[in-house]
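Close look at the chain arrangement
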Amino acid sequence: MAKRLTAQTILNMRGNTSLFIDLANEYELSNIPTIRRWLRENKKNGPLTTKGALAIISKAINVPEAKLLEEVNNEVDKKRVPDHEPLGT
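The following paragraphs examine the structure supplied in this document. (Residues numbered from 1 in each chain as written. Predicted model: local features only at pLDDT ≥ 70, side-chain atom pairs only at ≥ 80, totals over all residues. Heavy atoms only, no water.)

Topic: the overall build of the protein
When its secondary structure is counted, the protein shows four helices and two strands. Of the regular secondary structure in the protein, the N- to C-terminal order runs β-α-α-α-α-β. Looking at the 89 residues of the protein, the share that counts as buried comes to 34%. Across the protein, the fraction of contacts at a sequence separation of at least 24, relative to all contacts at a separation of at least 6, is 62%. Accessible surface computed for the protein: about 6500 Å², of which carbon and sulfur atoms make up 50%. (Helix = DSSP H or I, 4+ residues; strand = E, 2+ residues; numbered from the N terminus. Buried < 20%, exposed > 50% of the residue type's maximum accessible area, 1.4 Å probe, protein only. Contact = heavy atoms within 4.5 Å. Areas by Shrake-Rupley, 256 points an atom, 1.4 Å probe, with all protein chains shown as cover.)

Observations regarding the nonpolar core
The biggest cluster of nonpolar side chains holds 20 residues, and the ones touching the most others in it are Leu5, Met13, Leu19, Leu23, Leu39, Ile57 and Ile61. The set of elements that each furnish at least two residues to this core consists of helix H1 (7–13), helix H2 (17–26), helix H3 (33–41) and helix H4 (51–61). A total of five residues in this core trace back to one element, the largest contributor, which is H4. Leave out the neighbours within four places in its chain, and Ile61 touches Thr9, Asn12, Met13, Asn16, Leu19 and Leu68. (Core = buried A, V, L, I, M, F, W, Y, C linked by side-chain atoms within 4.5 Å.)

Observations regarding the packing of H2 against H4
Two numbers describe how H2 lies on H4: the axes approach to 10 Å, and their chain directions differ by 160 degrees. Taken together, the axes of H2 and H4 are roughly antiparallel relative to one another. Considering only the axes of H2 and H4, their crossing is right-handed. Facing H2, whose interface residues are Leu19, Asp22, Leu23 and Glu26, H4 presents Gly52, Ala53, Ile56, Ile57, Ala60 and Ile61. For the contact of H2 with H4, a count of residues per class yields seven nonpolar, one polar and two charged. (Axes fitted to C-alpha atoms, helices over the stretch in contact; angles between N-to-C directions. Parallel < 35°, antiparallel > 145°, perpendicular 65-115°, else oblique. Left-handed = near helix turned anticlockwise from the far one by under 90°. Nonpolar A, V, L, I, M, F, W, Y, C, P; charged D, E, K, R; others polar.)

Remarks on the packing of aromatic side chains
Given two aromatic rings, their pairing is described by the distance between the two centres and the angle made by the two planes. Per the stated rule, a full pass over the model turns up one aromatic pair. Here the aromatic rings of Tyr27 and Trp38 are separated by 5.1 Å at their centres, their planes lie at 80 degrees, and the arrangement is edge-to-face. One end of the pair, Tyr27, is in the loop between H2 and H3; the other, Trp38, is in helix H3, with 11 residues separating them in the sequence. Here Tyr27 falls in the partly exposed class, since its relative accessible area comes to 25%. (Phe/Tyr/Trp six-rings, centres within 6.5 Å; stacked < 30°, edge-to-face > 60°.)

Right under this line is the structure:
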């Protein structure tokens, strides 16, 4: 089952620069814009859903790891363009 951060987790993380720095250090990044992009995208099973990232987030916002994620199932990619011809024609 795919997981991503809950909306409440994202709200709790916003503006917490020290958290972004800790996550950047975890991923050996030299700056935090990548972390902010990952947070905006909130992809299914993205880099912020790893065990290491969840431990850092949980400690920073004082929320148990179990409450940071939500399950995502049968979500449609809104950017996908439908095929105009059936497969194999």
